[in-house]
Amino acid sequence: MDLTGSQRIEAPREAVWRALNDADVLRRCIPGCQELVQASPTEFVAKVVLKIGPVKATFAGAVTLSALDPPNAYHIAGEGQGGVAGFAKGGAKVWLVEEEGATILHYEAQANVGGKIAQLGARLIDSTSKKLAGEFFGAFSRVVSPAPADSVAHVE
Amino acid sequence: MFPFTYHRPVELASAHALLVANEEAKLLAGGQTLIATLKQRLASPSDLVDLARVPGLTGIAREGGALVIGAMTRHAEVAASQQVAAAIPALADLAGRIGDPAVRNRGTLGGSIANNDPSADYPAACLGLDATIVTDRRELAAGDFFLGLFETALEPDEIILSVRFPIGGTATYAKFANPASRYAMAGAFLWRGEEGVRVAITGAGQNGVFRWSAAETALVADFSPAALVDIGLDGDEMIADIHGSGAYRAHLAGVMTRRAVARILERGSP
């Protein structure tokens, strides 16, 4: 399945780009991410717990960055094995456009799930993928751009 | 299945204590989703806390202007209850059309709403009837209980005790069932009473059950199937899967709602 979307982030493009390459930021934003260790500048090893309804499966896998064009765009891909649960893999082309001091993050993502998790969840994969993508970009936007509550505290 | 420790507490406090002590514990109600998931090895809880022997969780009672149904009451009991049929016939009808006989004889009201499957039937009845979900620590309006795809307002160690359905008005449930699973491809629970009209749609929305407010507004102005002809749901926000596209489900939800309106009109005022 394919997912496209965009998210406005109240931060300069350089800051957004740095965050997109920061293992700690990615770990905090990937839904269910337990571990994300940087193996090289473009490779990470991840452990992600996928919880959707009664299903709870742990996926161990790798996240790879490619087609790097700082600070404009990259391709991020992830692939994980969930043991008997099956496999999940996905990728997204991400690009950043400056707009009046803020940054618009655009993405085109694909997700694939196979094995038992696909059989049982066949009627829910699209909805789940959209939900997870929304959670990731929502969390990313909150981590990167200063929250309104913080700026109020700053004024005080 | 992966191994787990099975518990069958005989009081609510022990069930709660087991949940608190074991972070990876799961409550077992009727098990019609959970056991299938465990068999597929798609979940591996450390402990299963079976609610079957906890007293006070089953039964149907009329309390004032409401019907109170225990969380562990089976669908078949609700479907066969004279009391439910007399007070809220649409609820008995809905329960009798969930899944197959095996599911109805094991599945429970509490299990269904705690799971909040986006295609389940009971969540639509709870929203449509503006029910109150009673837990071991608070009471939640149905509108505050269902939060999204498989998500509810329940805390990890919170246990549903019962659901209180207000009696009054007229209701009906129109459902287009998947022929294999009997899950709703789209279902419309319609309620009409002195306070207005409620339309709860299940089986279609990507975020699970929802109130279709545009249809409610139109039906308050003109309670007829024709009032809904120009109102549509957005197919991009509906579930798309191997059984049907989002546009198909959006259309189907409209058809089910119009059928529900026609059925209430045929029946006349109560």
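Residues numbered from 1 in each chain as written. Chains lettered and ligands numbered in written order. Predicted model: local features only at pLDDT ≥ 70, side-chain atom pairs only at ≥ 80, totals over all residues.

- In the annotation of an unreviewed UniProt entry, the entry for chain B reads Carbon-monoxide dehydrogenase medium subunit, and the organism field reads Ancylobacter amanitiformis.

- The name that an unreviewed UniProt entry assigns to chain A is Carbon monoxide dehydrogenase subunit G, with the source organism given as Ancylobacter amanitiformis.

## Concerning the confidence of the model for chain A
All names here are of chain A.
Reasoning step 1: Across chain A, pLDDT averages 83, with 89% of residues at or above 70.
Reasoning step 2: Per-element mean pLDDT across chain A ranges from 39 in helix 5 (residues 148–155) up to 93 in helix 1 (residues 13–20).
Reasoning step 3: Residue range residues 148–156 is modelled with pLDDT below 50. Its contacts to residues more than four positions away, or to other chains, number 1 contact. (pLDDT = per-residue confidence, 0-100. Helix = DSSP H or I, 4+ residues; strand = E, 2+ residues; numbered from the N terminus. Contact = placed C-beta atoms within 7 Å.)

## A look at the sheet that holds strand 10 (residues 160–166) of chain B
All names here are of chain B.
Reasoning step 1: One open sheet accounts for 5 strands, arranged 4-5-10-6-7; its pairing is antiparallel. The open sheet has two free edges, formed respectively by strand 4 (60–63) and strand 7 (139–141), since each of these has just one partner strand. Pairwise comparison of adjacent strand axes, ignoring direction, gives a mean angle of 25° for this sheet. (Pairing = 2+ DSSP bridges. Axes fitted to C-alpha atoms, helices over the stretch in contact; angles between N-to-C directions.)

## Quick word on helix 5 (residues 89–96) of chain B
All names here are of chain B.
Reasoning step 1: Those residues of helix 5 that sit buried are A90, L91, L94 and A95. All buried residues of helix 5 project into a common sector of 135° when viewed along the axis, lining one side.
Reasoning step 2: Packing partners of the buried residues in helix 5 comprise helix 3 (75–80), helix 4 (82–87), helix 8 (122–128), strand 10 and strand 11 (170–177). (Buried ≥ 20, exposed ≤ 12 C-beta atoms within 10 Å, placed from the backbone. Arc of directions from axis to C-beta.)

## Looking at the interface of chain B and chain A
Reasoning step 1: Chain B puts 18 residues into the contact, and the matching count from chain A is 18 residues.
Reasoning step 2: Of the residues that constitute the side of chain B that touches chain A, the class distribution is 9 nonpolar, 6 polar and 3 charged. (Nonpolar A, V, L, I, M, F, W, Y, C, P; charged D, E, K, R; others polar.)

## What to know about helix 10 (residues 213–221) of chain B
Residues and elements named next belong to chain B.
Reasoning step 1: By the burial criterion, the buried members of helix 10 are A215, A218 and L219. One side of helix 10 carries all its buried residues, which in axial view fall inside an arc of 95°. Turned more than 90 degrees off the buried face of helix 10, the exposed positions are S213, V220 and A221.
Reasoning step 2: Those residues of helix 10 that are buried are in contact with strand 13 (196–202) and helix 11 (246–267).

## Some remarks on the UniProt feature "domain: FAD-binding PCMH-type" (unreviewed entry) in chain B
Reasoning step 1: Under the local residue numbering, the UniProt record ascribes the feature "domain: FAD-binding PCMH-type" (unreviewed entry) to residues 1–170 of chain B.
Reasoning step 2: Annotated as 35% helix and 24% strand, the span residues 1–170 of chain B places its first and last C-alpha atoms 45 Å apart. (UniProt positions renumbered as here; feature names shortened; annotations may be inferred.)

## Overview of the environment of W95 of chain A
All names here are of chain A.
Reasoning step 1: Within the secondary structure, W95 sits in strand 6 (residues 87–99).
Reasoning step 2: Note on W95: 15 C-beta atoms within 10 Å, which makes it partly exposed.
Reasoning step 3: When the C-alpha atoms of W95 and V25 are compared, they prove to be 17 Å apart, with 70 residues separating the residues in sequence.
Reasoning step 4: Excluding its chain neighbours within four sequence positions, the residues that come into contact with W95 are N72, A73 and H106.

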